[in-house]
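# A look at the structure
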Amino acid sequence: MSRATLLLGIACSLYPQTATPAEAPMAPDWSEDGAAWSTQSYWQDESILQKYTFTPNKDDRIAGQSSMQVHVQVAANRPKDFVELRLSPPRPLDLSQTEAVELWLKVVEGPGLRTRSAFFCSPGFEKLAIADWPDGIEASAPSQWQRTVIDLTNVRVLDKAIPNQAGVYDRSNVATICLNFELPPGAVDMTLRIDGIRATTLPPLPERLRAAAVKADRGFWRWRARFPERDLSPRPDDARNLALSIRKLTHAAAPERPFLIWGIGPSYLNFLGDGTALACHLRQRFPHAPPIVYKKHVGSSVPWQYVLGWAQHVVVPEQPDLVLLYGIGLESDLEKIFQTLRRQTTADIVVASVHWKADDVQYWGKDEDATNFADIPRMRRICEEYGVEFVENRKQWASYLRDHDMKVEVDPQHGLLLDAVHQSEYGALVINENIVRHFAARDTYAFDPDRRERRLDVTQTAAAGGEEKATLSGPNWTFLEGAAATAASGSRITVRFTGNRIDLIGVKSPDGGAARVTLDGLPAEKAPCFLAGQIEPAAGNAPPKQGSVGDIGPHGIILGRDLIPQTWTIRLTNDEGSYQLTGSATGADGTGHVLKPFTSNSGQIGIPPELWRHGAGCVPFLHPWDGTILNKTGDAYTFSVARACKEAVDFRGKEAEFRVNLFQALPNETHVLELIAAGDGKVTVKYFDVFEPPLR
């Protein structure tokens with residue numbers, strides 16, 4: 001099972017279009033000028049027909065002098081159903097600053113095919129930037145030319161040269177572009193044309209997300225019509241703890257930014273789906289909502305004890321608008337997750353009680369809170385204490401079963417359970433709708449959203465005492481359309497604020513310049529704000545007998561003192577649980593054991609043994625751990641520690657509003673920030689957004 005998934009996002013997208021050659025712009029493309037085409041089929045068998053013939057076609061093209069035509073002949077009985085068509089330009093391409101690559105496809109004859117993925121490879125195929133086509137595009141004959149766009153702004157990297165390290169590849173020397181396609185069933189005899197492979201730009205992010213949303217809505221509501229309608233009207237207590245979410249969904253911030261939902265938990269959360277049901281319902285309820293992006297990070301049977309590490313290293317750095325928790329574990333560990341999120345983010349939090357499983361039938365008709373996976377009454381109390389929106393999913397699931405004359409039983413086709421513990425797609429729909437029912441506008445909420453997130457306008461009046469304000473210094477500022485602008489060196493804005501994060505909203509312009517940033521009298525790069533990223537298992541780690549490589553190892557670390565930005569590696573030195581910690585800048589920084597508390601020699605890193613997981617079967621609150629250490633000698637885990645600040649702000653670019661995060665992960669207290677114009681162009685500032693988490 002994948003531990004991390006990006007959903008309803010924009011890692012790679014398709015923008016299909018059709019055109020005739022007369023309508024398309026004529027421009028050179030990489031498939032010409034001495035480029036070579038070849039193929040890689042991922043299987044070789046001389047007894048099975050497999051033939052690919054590449055020829056130029058000058059009579060039917062989109063760009064340049066000719067398109068490339070490939071005749072594909074493959075037998076029906078074959079071990080794999082996908083093929084890779086490789087383009088090698090005469091010289092490596094520098095795509096390090098390229099947003100996207102476009103190409104045009106046309107099936108001339110034959111059954112057609114479907115896009116799979118694209119690789120952008122260094123010489124020797126040592127490094128691959130992997131771009132998915134999640135929506136896919138199906139090309140079939142007869143057809144017009146279809147344009148697709150591959151988004152390169154967020155790709156996965158495979159580094160074959162150093163397989164045990166996190167891959168890094170800036171695409172500055174792309175020697176081969178591999179286009180992967182899925183072949184249709186049966187014998188294949190088809191002719192495909194490819195043309196216009198070249199760099200392009202992407203539509204603005206909101207536009208891309210809206211296009212994806214239209215497609216998602218259409219498909220979801222068509223699928224939803226298969227199931228009974230439900231009353232999802234709001235109840236008196238719904239949304240009491242969702243003041244910020246409701247404000248963002250009803251009044252999009254300027255400049256517009258996506259509403260980001262992060263889900264973390266075990267396979268129960270994974271089986272809730274890809275966020276489509278939540279997003280489609282929210283868009284229906286809030287027609288003016290900004291684009292909605294849903295991300296999740298999951299593992300097999302992961303209790304709250306280990307999810308805590310994901311909250312710290314996966315969720316906190318992204319500063320989401322909403323966190324969704326759906327899983328199992330001790331409520332004391334769930335409380336630690338609440339504390340982490342409430343101290344370091346302003347996100348609203350939603351927790352749903354677990355659904356009915358097959359072995360819960362013993363409680364049916366007796367106690368709707370009873371389950372061996374959670375103490376639901378205590379969960380309810382903790383949610384109330386921390387202002388978390390609690391969804392009575394278990395009670396509502398039971399009501400749904402009674403209302404529709406259904407039982408607590410495994411029925412993948414028509415029931416709510418896929419197997420003994422996991423919900424079916426139907427069951428996931430019921431849970432998602434139980435959750436989304438809580439999103440409703442209210443007259444009053446349990447908290448004032450301005451206490452957590454607020455906007456400071458730029459003024460010419462200095463702040464008095466402890467008052468939050470952004471004020472101008474120097475005589476060279478001008479005001480126009482709500483923005484303050486200057487080109488004079490040394491002119492500054494002083495911002496007094498309370499919180500742990502601050503964003504700047506400004507305006508870029510062709511004659512823009514730069515401004516440096518200070519905090520509490522120090523340059524930004526000396527501010528005490530650091531984040532540790534996700535802990536990644538190395539590709540060569542020994543797999544456990546049960547579960548995946550990601551189910552074992554450290555799920556969280558603790559940042560200490562005197563931090564230096566760098567990449568850290570935890571490497572097991574024997575099969576008994578001993579390890580060494582090494583920093584890319586600090587070097588060897590101590591040895592530890594998976595069962596003992598560890599603090600590095602430099603004091604920078606702590607590794608708590610309670611966050612070191614020992615396999616998918618290690619669910620301590622359900623049964624005792626048997627003491628077996630699954631990690632093997634050489635197993636390695638890497639994570640990066642980075643400053644969460646912006647040392648300078650660049651105002652150069654096309655005329656447009658922009659948002660930039662200046663500081664994150666600060667001590668949650670009062671700070672004084674200064675933005676100082678460099679004098680090399682115009683600096684234009686509209687607002688500052690301040691974020692103050694409710695716990696200190």
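Residues numbered from 1 in each chain as written. Predicted model: local features only at pLDDT ≥ 70, side-chain atom pairs only at ≥ 80, totals over all residues. Heavy atoms only, no water.

It is worth spelling out the sheet that holds strand 31 (residues 558–559) at this point. Taken in spatial order, the 3 strands line up as 31-36-35 in an open sheet, and their pairing is antiparallel. The sheet terminates laterally at strand 31 and strand 35 (598–599), the two strands that pair on one side only. Sheet analysis places strand 31 next to strand 36 (residues 605–607), joined by 2 bridges and oriented antiparallel. Looking across to strand 36, one finds that Leu559 is bridged to Ile605. (Pairing = 2+ DSSP bridges. Helix = DSSP H or I, 4+ residues; strand = E, 2+ residues; numbered from the N terminus.)

Counted by the stated rule, this structure contains 0 disulfides. We note that Cys178 lacks a disulfide partner, and the nearest cysteine sulfur, in Cys121, lies 3.8 Å from it. When its relative accessible area of 0% is taken as the criterion, Cys178 is described as buried. Summary of cysteine pairing: Cys645 is not part of a disulfide, and the nearest cysteine sulfur, belonging to Cys529, is at 4.4 Å. Under the relative-accessibility criterion, Cys645 is labelled buried at 19%. (Disulfide = S-S within 2.5 Å. Buried < 20%, exposed > 50% of the residue type's maximum accessible area, 1.4 Å probe, protein only.)

Quick look at the confidence of the model for the chain now. Chain-level statistics for the chain give a pLDDT mean of 90 and a share of 93% at 70 or above. Low pLDDT (under 50) marks residues 1–27, which in the prediction has 95 contacts with non-local residues, meaning those over four places away or in another chain. (pLDDT = per-residue confidence, 0-100. Contact = heavy atoms within 4.5 Å.)

This paragraph deals with the packing of aromatic side chains. If you walk through the whole model with that rule in mind, you get 14 aromatic pairs. Measuring from ring centre to ring centre gives 4.9 Å for Trp223 and Phe227, while their planes differ by 65 degrees; the resulting arrangement is edge-to-face. Judged by relative accessible area, Phe227 falls into the buried class, the value being 13%. Ring geometry for Trp356 and Trp364: centres 5.1 Å apart, planes at 80 degrees, overall edge-to-face. Among the residues examined, Trp356 registers a relative accessible area of 0% and is labelled buried. Through a chain of ring-to-ring contacts, the aromatic side chains of Phe220, Trp221, Trp223, Phe227, Tyr400 and Tyr426 assemble into a single cluster. Above the plane of the ring of Phe373 lies Lys357, whose end atom (NZ or CZ) is 4.3 Å from the centre. The ring of Tyr687 has Arg455 sitting right over it, with the charged end atom 4.3 Å from the ring centre. (Phe/Tyr/Trp six-rings, centres within 6.5 Å; stacked < 30°, edge-to-face > 60°. Lys NZ or Arg CZ within 6 Å of the ring centre and 35° of its normal.)

The tally for this structure, following the rule as stated, stands at 39 salt bridges. For Lys357, the salt bridge identified is with Asp359, shortest N-O distance 3.8 Å. On the accessibility criterion, Asp359 (39% relative accessible area) is partly exposed. When the shortest N-O distance is used, the salt bridge between Glu467 and Lys469 registers 3.5 Å. Judged by relative accessible area, Lys469 falls into the buried class, the value being 18%. (Salt bridge = Lys/Arg side-chain N within 4 Å of Asp/Glu carboxyl O.)

For helix 5 (residues 304–315), which comprises 12 residues, the first-to-last C-alpha distance of 14 Å sits more than 12% below the rise-based estimate of 16 Å (1.5 Å per residue). With 11 of 12 residues buried, helix 5 is to be regarded as a mostly interior element. What helix 5 keeps buried is the set Trp304, Gln305, Tyr306, Val307, Leu308, Gly309, Trp310, Ala311, His313, Val314 and Val315. The secondary structure elements touched by the buried residues of helix 5 are strand 15 (259–265), strand 16 (292–298), strand 17 (322–325), helix 6 (331–344), strand 28 (530–532) and strand 37 (612–614). (Expected span 1.5 Å × (residues − 1).)

Here the focus is helix 8 (residues 393–403). Every α-helical turn comprises 3.6 residues, leaving residues that sit three or four positions apart pointing alike. Of the positions making up helix 8, those classed as buried are Asn393, Arg394, Gln396, Trp397, Ala398, Tyr400 and Leu401. Within two residues after helix 8, Asp405 carries a phi angle of roughly 55 degrees, on the positive side.

Tracing the backbone shows Lys654 in the loop between strand 39 (648–650) and strand 40 (656–663). Setting aside residues no more than four positions away along its own chain, Lys654 makes contact with Lys508 and Ser509.

Now for the environment of Ile337. When you line up the elements, Ile337 lands in helix 6. Judged by relative accessible area, which is 0%, Ile337 ranks as buried. With near-sequence residues (within four places) excluded, Ile337 lies in contact with Trp304, Val307, Leu308, Ala311 and Leu325.

Here we take up unusual backbone geometry. Note the cis peptide between Ala254 and Pro255, where omega equals -10 degrees. Structurally, Pro255 can be placed in the loop between helix 2 (243–250) and strand 15. Not every positive phi belongs to a glycine, and Asp562 is a case in point at roughly 50 degrees. Within the secondary structure, Asp562 sits in the loop between strand 31 and strand 32 (566–572). Accessibility expressed as a relative area gives 57% for Asp562, which makes it exposed.

The next subject is the packing of helix 5 against helix 6. With their axes 8 Å apart at the nearest point, helix 5 and helix 6 run at an angle of 15 degrees to one another. Classified by the angle between their axes, helix 5 and helix 6 sit roughly parallel to one another. Between helix 5 and helix 6 lies a crossing of right-handed hand. Each of Trp304, Gln305, Val307, Leu308, Ala311, Gln312 and Val315 in helix 5 lies in contact with helix 6, whose residues at this interface are Asp333, Leu334, Lys336, Ile337, Thr340, Leu341 and Gln344. (Axes fitted to C-alpha atoms, helices over the stretch in contact; angles between N-to-C directions. Parallel < 35°, antiparallel > 145°, perpendicular 65-115°, else oblique. Left-handed = near helix turned anticlockwise from the far one by under 90°.)

Strand 26 (residues 514–519) sits mainly inside the fold: 5 of its 6 residues count as buried. Here strand 26 pairs with strand 39 via 3 bridges, running antiparallel. For Arg516, the partnering residue across the bridge sits in strand 39 and is Ala648. Two strands pair when backbone bridges link them, and strand 26 and strand 41 (residues 669–677) are joined in this way by 5 bridges, in the antiparallel orientation. Within the sheet, the bridge partner assigned to Thr518 lies in strand 41 and is Glu674. Taken together, the 2 bridges between strand 26 and strand 27 (residues 522–523) define a ladder with antiparallel strand orientation.

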